Amino acid sequence: MPKFAILNPGYTLTLPHYQMAAGIYDIFNHICEQYFSGEDDNTSDYISEGLMRSVIHASRIANQNPQDYEARSNIMWTATWALNTLVSRGKSTDWMVHMIGQSVGAYTNATHGMTLAAVSLPYYRHILPYGLQKFKRFAVNVWDVNPDGKTDEQTALEGLAAMEGWMKELGLVMNISELGATENMLEGIANGTIIMTGGYKVLDHDEVVEIQKESLN
């Protein structure tokens, strides 16, 4: 943790689009890893929702015009708040997308943010029943899903569908096979996945394998 840092968005303007998109998703997922836990009314979650909305808005601008300085400034600023510990205050945290994604990266040497993107939706759909109210809140407060006339599950799934649309819009990798992972790697990737206990569901080995199978295509 630096005691002081100067953040200059100008240094990000020369990144290839692939790396920009991967970085944007890593920022977004840092927030998600701290958001998808706990059931109390926590100020940290309200901050997280605002940060996620900012990332989504700025990412769409930067995706169309990577030289947009304001968008890149906001992306850099949200990156700082996404992992400076503020939004984890008063909460347990999840980090299972990172654990699975990092193990995928160890086998494929793929870009970090892309490994996270490839496993996120299968993981979130797997744990959604255990954290349904937070996923519903995510859909309504982050993705502007209208819950009227829908079950909580329908609202929550619509939020994940909106997230999937945004991810595809950015050009993120959506499956681990595109990163070079094959079915015969799945057991090894699962063996290399550190199991965290702060989220809505503590996974076992077989669940990690199943999530990867869902991530293959």
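Everything numeric in this text was worked out from a predicted model, so none of it was measured.

1. A closer look at the packing of aromatic side chains
- Counted by the stated rule, this structure contains 14 aromatic pairs.
- Linked through ring pairs, Tyr 25, Phe 28, Tyr 35, Phe 36, Tyr 123, Tyr 124, Phe 135, Phe 138, Trp 143 and Trp 166 together constitute an aromatic cluster.
- Over the aromatic face of Tyr 46 sits the side chain of Arg 137, whose NZ or CZ is 4.4 Å from the ring centroid.

2. Some remarks on helix α3 (residues 69–82)
- Over its 14 residues, α3 runs 20 Å from end to end, which matches the ideal 20 Å to within 8%, given 1.5 Å per residue.
- The set of residues buried in α3 consists of Ala 71, Arg 72, Ile 75, Met 76, Thr 78 and Ala 82. Projected down its long axis, α3 shows its buried positions confined to an angular sector of 165°, all on one face.
- Against the buried residues of α3 lie α1 (17–35) and α2 (43–64).

3. A few points about the pattern of salt bridges
- Within the structure shown, the criterion is met by 10 salt bridges.
- Measuring nitrogen to oxygen at the nearest pair gives 3.1 Å for the salt bridge that ties Asp 144 to Arg 53. A residue pair is termed long-range when its members are at least 10 positions apart, and Asp 144 in the loop between α6 (132–143) and α7 (152–170) and Arg 53 in helix α2 qualify at 91 residues.
- You can call Asp 144 exposed: its relative accessible area is 55%.

4. Considering the packing of helix α4 (residues 96–108) against helix α5 (residues 112–127)
- It is at 8 Å that the axes of α4 and α5 come closest, and there the two elements cross at 130°. On the basis of their axis angle, the class for α4 and α5 is oblique. When the axes of α4 and α5 are compared, the crossing they make is right-handed. In this structure, α4 uses Met 96, Val 97, His 98, Ile 100, Gly 101, Gln 102, Val 104 and Gly 105 to contact α5, whose residues at the interface are His 112, Thr 115, Leu 116, Val 119, Ser 120, Tyr 123 and Tyr 124.

Conventions and cut-offs
Residues numbered from 1 in each chain as written. Predicted model: local features only at pLDDT ≥ 70, side-chain atom pairs only at ≥ 80, totals over all residues. Heavy atoms only, no water. Phe/Tyr/Trp six-rings, centres within 6.5 Å; stacked < 30°, edge-to-face > 60°. Lys NZ or Arg CZ within 6 Å of the ring centre and 35° of its normal. Helix = DSSP H or I, 4+ residues; strand = E, 2+ residues; numbered from the N terminus. Expected span 1.5 Å × (residues − 1). Buried < 20%, exposed > 50% of the residue type's maximum accessible area, 1.4 Å probe, protein only. Arc of directions from axis to C-beta. Contact = heavy atoms within 4.5 Å. Salt bridge = Lys/Arg side-chain N within 4 Å of Asp/Glu carboxyl O. Axes fitted to C-alpha atoms, helices over the stretch in contact; angles between N-to-C directions. Parallel < 35°, antiparallel > 145°, perpendicular 65-115°, else oblique. Left-handed = near helix turned anticlockwise from the far one by under 90°.

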